[in-house]
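Reading the structure
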Amino acid sequence: MPSIKAKLELEVVGYGVLAQKQVGLGETEYLVQRIQVANATTDSALSFGGVTTADVFYIASDQQITYKLSGGATAATLDANGLHLLYGTAVTACTVTNASGSTANLVYAVAGA
């Protein structure tokens, strides 16, 4: 069984570390993908492979994109060169829209059952 571990440290430079957190989950299925999403793509579905419900969802992009989770109507914005990580969640699907003017290079990962 794969194990997923996340470490988060929040620090204000010159002030010090405000918080540290490390969590781990044992997962039965996972998928990691590097894909390109063309400019002017709307609501393109990401493959979750064998993952039905993701306890862990990670997405990063070199261009600004928006994405919707689990069939929701409200899109989240991911800025260029940013990343979003959801941990201890229940994501069943994701669609991506790219209106950045350039092809977006995405890395995403899902892990769950």
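Cut-off values and rules
Residues numbered from 1 in each chain as written. Predicted model: local features only at pLDDT ≥ 70, side-chain atom pairs only at ≥ 80, totals over all residues. Heavy atoms only, no water. Helix = DSSP H or I, 4+ residues; strand = E, 2+ residues; numbered from the N terminus. Buried < 20%, exposed > 50% of the residue type's maximum accessible area, 1.4 Å probe, protein only. Contact = heavy atoms within 4.5 Å. Areas by Shrake-Rupley, 256 points an atom, 1.4 Å probe, with all protein chains shown as cover. Lys, Arg positive; Asp, Glu negative; His and termini not counted. Charge placed at Lys NZ, Arg CZ, Asp CG, Glu CD. Pairing = 2+ DSSP bridges. Salt bridge = Lys/Arg side-chain N within 4 Å of Asp/Glu carboxyl O.

1. Examining the overall build of the protein
Along its length, the protein carries zero helices and ten strands. Reading the helices (α) and strands (β) of the protein from amino to carboxyl end gives β-β-β-β-β-β-β-β-β-β. Once the C-alpha set of the protein is aligned to its principal axes, its extents read approximately 40 × 40 × 25 Å. Buried residues in the protein amount to 27% of all 113 residues. Put simply, of all contacts in the protein between residues at least 6 apart along the chain, 66% involve residues at least 24 apart. About 6,700 Å² of surface is accessible on the protein, with carbon and sulfur atoms providing 51% of the total. Distance between charge centres in the protein, computed from 5 positive and 8 negative side chains, equals 5 Å.

2. Considerations on the pairing of strand β5 (residues 54-61)
Residues in a regular strand point their side chains to alternate faces of the sheet. Within β5, six of the eight residues are buried, which leaves it mostly tucked inside the rest of the structure. The pairing of β5 with strand β8 (residues 82-91) spans seven bridges and is classified as antiparallel. Each residue of the ladder has a partner; that of Tyr58, found in β8, is Leu85. Relative to strand β10 (residues 104-112), β5 is paired through seven bridges, and the arrangement is antiparallel. Bridging across to β10, Val56 finds its partner in Ala111.

3. So, the pattern of salt bridges
Across all of its chains, the model carries one salt bridge by this definition. Residues Lys68 and Asp43 are paired through a salt bridge, measuring 3.5 Å at the closest nitrogen-oxygen approach. With Lys68 in strand β6 (residues 65-69) and Asp43 in strand β4 (residues 41-45), this residue pair connects regions lying 25 residues apart in the sequence.

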